[in-house]
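Inside the fold
The chain contents come next:
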Amino acid sequence: MKKKKNNFEICVKIWINKNQQSFLGSGRILLLRSIKKNGSIRAAAKELNMSYKKAWDLINSMNKQTGHLLVEKKAGGKSGGGATLTVKGEKILQEYIKLEKKLQTQTNHLFKKMYIKILKGATFFFFLLILQSCVFSDKKTDSSPPSNELYVFCGAASKPPIEEIITIFEHQMGSKIYATFGGSGFLLTQMCLSQKGDIYLPGSSDFMEKAKNLGIIYPETERRLMYLIPELSVPKNNPKKISSLKDLAQPGVKVGIGHPENVCLGMYAVEIIENTLAEKEKKILKSNILNFAESCEKTANLVSFNMVDVAIGWNVFQHWDSVRIKNIRLHKDEIIRIGYIPVAISKFTKNKVLAQQFIDFLMSPAAKQVYRKYYYLTDTSEVFEYKDIDGCPIGHKSIGGFYQLPDTWLLK
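Parameters at a glance
Residues numbered from 1 in each chain as written. Predicted model: local features only at pLDDT ≥ 70, side-chain atom pairs only at ≥ 80, totals over all residues. Heavy atoms only, no water. Helix = DSSP H or I, 4+ residues; strand = E, 2+ residues; numbered from the N terminus. Buried < 20%, exposed > 50% of the residue type's maximum accessible area, 1.4 Å probe, protein only. Contact = heavy atoms within 4.5 Å. Areas by Shrake-Rupley, 256 points an atom, 1.4 Å probe, with all protein chains shown as cover. Axes fitted to C-alpha atoms, helices over the stretch in contact; angles between N-to-C directions. Parallel < 35°, antiparallel > 145°, perpendicular 65-115°, else oblique. Left-handed = near helix turned anticlockwise from the far one by under 90°. Pairing = 2+ DSSP bridges. Expected span 1.5 Å × (residues − 1). Phe/Tyr/Trp six-rings, centres within 6.5 Å; stacked < 30°, edge-to-face > 60°. Polar contact = N/O pair within 3.5 Å; in protein donor to acceptor, adjacent residues only side chain to side chain. Nonpolar A, V, L, I, M, F, W, Y, C, P; charged D, E, K, R; others polar. Core = buried A, V, L, I, M, F, W, Y, C linked by side-chain atoms within 4.5 Å.

1. Structural notes on the overall build of the protein chain
Helix and strand content of the protein chain: 15 helices and 15 strands. Relative to its 412 residues, the protein chain shows a buried fraction of 49%. Of the contacts formed within the protein chain by residues at least 6 apart in sequence, a portion of 75% connects residues at least 24 apart. Just so you have it, the protein chain exposes about 20,700 Å², and 54% of that area is on carbon and sulfur atoms.

In structure tokens form, the structure reads like this:
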């Protein structure tokens, strides 16, 4: 009979505090690494879906605590300037990486050495107590959830059906799921900095691709759940008589879109504007934008509460608030690509088995029934038959993919 493989694994995390204040941890190391790779604070912040100000605040905090510059800005010029790690910054980065590797190696060695004893029971718990006191400095940050809990970071584009599905899953499995909804980019940053979360469920493929590039999800676990089509959303009485995309470029029209760097819908809005409108129309439309909402839910709320005359939204918005929102479909040539909502297991998960069970449930016929209840499309045949403003099927559009946001749309 084959011997069962040892599936136990010890994972080490390090953070360093100074005077009870956070100084260095995996999130800040990720930022230093990205600055070194990209040669730019702005590019590093963009890669990590972090605001430029947030990146600078973290750098300034580290500089102040060490009394040395860790990151040095280069003067502008033809190349536009940039940033690089100083000798001190490079040294801190390398020493942290060495310490992390050394602790991981020593912990693995200790674990293998004690493995036989661990199986006897009480020694296992004694070992965990020793490991916790030796490796982790702050008990609060090591709040490992019980085995029947999951933490889901979920783009607000799918909030109505996902909330209902979570309730069903919890009832059937006896599990507890803590869901955080918001802009997909903001959530990605939160996951990277906290190094927590079992499942990432962004509002579009764009942010799932970013998560893959950052190496924080298991790509083989990715699945498509439902599809979304961009449309115009207006208040029910449509005060500005909006009837087409070009109307958004009329003087005096109050426009709202999602935050283009951190909200999937904001990216889609920019892509549509850039690919379908003339330069003069783009300029007027940009001047008409009053609000960059922090999530899809907040984009819809701009319309519900009459804060804007029109927003570039999703086809489901009018079903989120049928009393106050009316949708106007785009022409099929204005729909550049179709969005889909993906899901994948995070590499920070503490329960991969339960996380996979939840994804399997999200793919089940019961879950699809919930998606349809909230008017989400669940397969490509429904997508391609979807009618545009003229009543014509939109046809075989590009689905998913990644859009590179032009620098002119980066918010200061």
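After that view of the structure, there is still more to cover.
2. Examining the packing of helix H6 (residues 159-173) against helix H13 (residues 352-362)
Direction vectors running N to C along H6 and H13 enclose 125 degrees, while the axes themselves pass 11 Å from each other. As judged from the angle between their axes, H6 and H13 are oblique. The handedness of the crossing between H6 and H13 is right-handed. Judged by residue contacts, Ile162, Ile165, Ile166, Ile168, Phe169, Gln172 and Met173 of H6 engage Leu354, Gln357, Phe358, Phe361 and Leu362 from H13.

3. Focus on the pairing of strand E9 (residues 230-235)
For E9, the buried fraction is high: six of the six residues fall into the buried class. Of the pairings in the sheet, the one linking E9 to strand E12 (residues 310-314) comprises four bridges and is antiparallel in character. Residue pairing across strands places proline 230 opposite tryptophan 314, the latter belonging to E12. As defined by bridge partners, E9 adjoins strand E13 (residues 325-328) across four bridges and the pair is classed as antiparallel. Residue pairing for E13: valine 234 is matched across the bridge by lysine 326.

4. Things to note about H6
Given a rise of 1.5 Å per residue, 15 residues ought to cover 21 Å, and the 21 Å separating the end C-alpha atoms of H6 matches this to within 8%. Residues Pro160, Pro161, Ile162, Ile165, Ile166, Phe169 and Glu170 constitute the buried set of H6. Within two residues after H6, glycine 174 carries a phi angle of roughly 70 degrees, on the positive side.

5. Considerations on the sheet that holds E13
Judged by pairing direction, the sheet is mixed, and its five strands sit side by side in the order E11-E10-E12-E9-E13 without closing on themselves. In this open sheet, the two strands that pair with only one neighbour each are strand E11 (289-293) and E13. Neighbour-to-neighbour, the strand axes of the sheet open up by a mean angle of 35 degrees, direction not taken into account. Against the sheet, helix H9 (residues 264-276) makes contact with E9, strand E10 (255-258) and E12, and its axis sits at roughly 110 degrees relative to E12, the strand it touches most. Packed onto the sheet, helix H10 (residues 279-288) meets E10 and E11 and runs at close to 70 degrees relative to E11.

6. Topic: the packing of aromatic side chains
According to the stated counting rule, one finds six aromatic pairs in the structure shown. Taking the centre distance of 5.0 Å and the plane angle of 15 degrees together, the rings of tyrosine 151 and tyrosine 178 count as stacked. Remark: tyrosine 178 occurs in strand E6 (residues 176-182) and tyrosine 151 occurs in strand E5 (residues 149-155); sequence separation between them is 27 residues. Given a relative accessible area of 33%, tyrosine 151 falls into the partly exposed group.

7. Focus on the pairing of E12
Burial within E12 is extensive, with five of its five residues counted as buried. Two elements, E10 and E12, share two bridges in a ladder whose sense is parallel. If you follow valine 255 over to E12, its bridge partner there is valine 310.

8. Section: the side chain of aspartate 206
Along the chain, aspartate 206 turns up in helix H8 (residues 205-214). Here aspartate 206 falls in the buried class, since its relative accessible area comes to 0%. Of note is the side chain of aspartate 206, whose polar atom sits 2.9 Å from the side chain of serine 204. For aspartate 206, the side chain forms a polar contact with the main-chain nitrogen of tyrosine 403, separated by 2.9 Å. Setting aside anything within four residues of it in sequence, one finds aspartate 206 in contact with Met267, Tyr268, Arg337, Gly401, Phe402 and Tyr403.

9. Concerning the packing of H6 against helix H14 (residues 365-373)
Packing of H6 against H14 brings their axes to within 9 Å, and their N-to-C directions diverge by 145 degrees. The chirality of how H6 crosses H14 is right-handed. When H6 is examined against H14, the residues Pro161, Ile162, Glu164, Ile165 and Ile168 are found in contact with a partner set consisting of Ala367, Val370, Tyr371 and Lys373. Across the contact of H6 with H14, the residue classes tally to seven nonpolar, no polar and two charged.

10. Focus on the nonpolar core
Formed by 82 residues in total, the largest nonpolar core has its most connected members in Tyr200, Trp314 and Phe358. The element that contributes the greatest number of residues to this core is H13, accounting for six residues. Residue contacts for tyrosine 200: discarding those within four places in its chain leaves Phe153, Ser184, Leu187, Leu188, Met191, Phe207, Met208, Ala211, Ile217, Pro342, Val343 and Ala344. Listed in part, the 35 residues of the second largest apolar core include Leu248, Ala269, Ile289 and Val383.

11. What to know about the environment of lysine 246
Here lysine 246 is to be found in the loop between E9 and E10. Look at lysine 246 and you get partly exposed, because its relative accessible area is 41%. Note: C-alpha distance between lysine 246 and lysine 282 (36 residues apart in sequence) is 9.5 Å. Contact partners of lysine 246, with chain neighbours within four places excluded, come to Leu277 and Glu281. In this structure the side chain of lysine 246 is engaged in a polar contact, spanning 3.0 Å, whose partner is the side chain of glutamate 281.

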